[in-house]
Amino acid sequence: MTLLWSSLRTVWKTQLSVPTQFYTMSSYTLTYFPVKGRCGALKMMLADNGQQLKENLVSIEDWMKGDLKGSCLFGQLPKLEDGDLVLYQSNAMLRHLGRKHDAYGKTVCEASRIDMMNDSVEDLRLKYIKMIYQEYDTGKEAYCKDLPNHLKPFECILSKSKSGFLVGEKISFADYNLFDLLLNHKTLCSTCLDSFPALKSYVDKIAARPKVKALLECESFKKLPINGNGKQ
Ligand SMILES: N[C@@H](CCC(=O)N[C@@H](CS)C(=O)NCC(=O)O)C(=O)O
């Protein structure tokens, strides 16, 4: 049993831990609207790994013509192309990049915990999107009041983390995703992290990673609105 487990671990590590430099020739193309939206985390992860990203920005006018929508597997963007691989679903893209760029944990158990954390980030993102697009004027206040209940589990995890990341010793795709969503929330409510010291230093620490910092300060990234309806 021990032997089997250790060989499984070896297979998993072989799949996950291919040196990052092996992938420097990857050519990524992202097709999406001119917003940060569901692609902020993906862009941060690629930037942090020194990867190039070609972007096709789609205006609402072009989208409304319907041809592109009709060509998308689920009728929605973003779409990420990595060579011959075409991916839809932003979380599948994060996982793909996590596998390729060693941001998906060291073991099967770490990967599963990263999945769990990312699913929780997605739960909060869906609540955020619903408020932004459907009830900004009537629901923002209640949303901000309830926000600490959703941030508390992340604070709890990070306050116990030795590395300062959600899972294991290294940054993972779930960290980029949570970081991106926390930046959105700081824009929504500037004091929302004041009673969460671990989350606050987590955001500061990821924002200070040189390549992430460069992206956050880059004009073409900064000028993208967070959401498509202008609310933030
Ligand atoms: N679950 C999908 C959601 C994608 C999604 O909601 N896309 C929106 C923009 S962020 C879209 O394409 N809206 C246009 C439409 O539905 O026609 C993902 O994570 O990628």
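Structure first, text after, so check above.
Summarised in this report is the structure supplied together with it. (Residues numbered from 1 in each chain as written. Predicted model: local features only at pLDDT ≥ 70, side-chain atom pairs only at ≥ 80, totals over all residues. Heavy atoms only, no water.)

Turning to unusual backbone geometry, a few remarks are in order. Here the amide bond leading from L77 into P78 is cis, since omega sits at 10°, within 30 degrees of zero. Within the secondary structure, P78 is located in the loop between helix 4 (67-71) and strand 3 (79-82). Unlike most non-glycine residues, Q89 shows phi in positive territory, near 85°. A positive phi angle, close to 55°, is found at D102, a residue other than glycine. Secondary-structure assignment places D102 in the loop between helix 5 (90-100) and helix 6 (108-134). (Helix = DSSP H or I, 4+ residues; strand = E, 2+ residues; numbered from the N terminus.)

Tallied over the full model, the rule gives 1 cavity of 30 Å³ or more. The calculated volume of the largest cavity comes to roughly 30 Å³. Every residue along the wall of the largest cavity is listed here: R38, S90, N91, L94, E122, R125 and N177. Secondary structure elements with two or more residues in the lining of the largest cavity: helix 5 and helix 6. Considering each element in turn, the lining of the largest cavity owes the most residues, 3 residues, to helix 5. Along the lines of polarity and charge, the residues of the lining of the largest cavity split into 1 nonpolar, 3 polar and 3 charged. (1 Å grid on protein atoms, 1.4 Å probe; cavity = no way out; pocket = protein on both sides within 12 Å on 5 of 7 lines; lining within 4 Å. Points joined across faces, edges and corners; volume = space filled by probe spheres on them. Nonpolar A, V, L, I, M, F, W, Y, C, P; charged D, E, K, R; others polar.)

Let us now look at the environment of D84. With respect to the helices and strands, the residue D84 is situated in the loop between strand 3 and strand 4 (85-88). D84 sits in the exposed class, given a relative accessible area of 81%. For the pair D84 and S27, spaced 57 residues apart in the sequence, the C-alpha separation amounts to 10.0 Å. (Buried < 20%, exposed > 50% of the residue type's maximum accessible area, 1.4 Å probe, protein only.)

At their nearest, the axes of helix 2 (residues 40-48) and helix 5 sit 10 Å apart, and the two run at 15° to each other. Relative to helix 5, the element helix 2 is oriented roughly parallel. Helix 2 and helix 5 meet at a crossing whose hand is left-handed. Counted together, A41, L42, M45 and L46 of helix 2 and M93, L94, L97 and G98 of helix 5 form the full contact between these two elements. For the contact of helix 2 with helix 5, the residue count by class is 7 nonpolar, 1 polar and no charged. (Axes fitted to C-alpha atoms, helices over the stretch in contact; angles between N-to-C directions. Parallel < 35°, antiparallel > 145°, perpendicular 65-115°, else oblique. Left-handed = near helix turned anticlockwise from the far one by under 90°. Contact = heavy atoms within 4.5 Å.)

In short, shape yes, function no, at least from these values alone.
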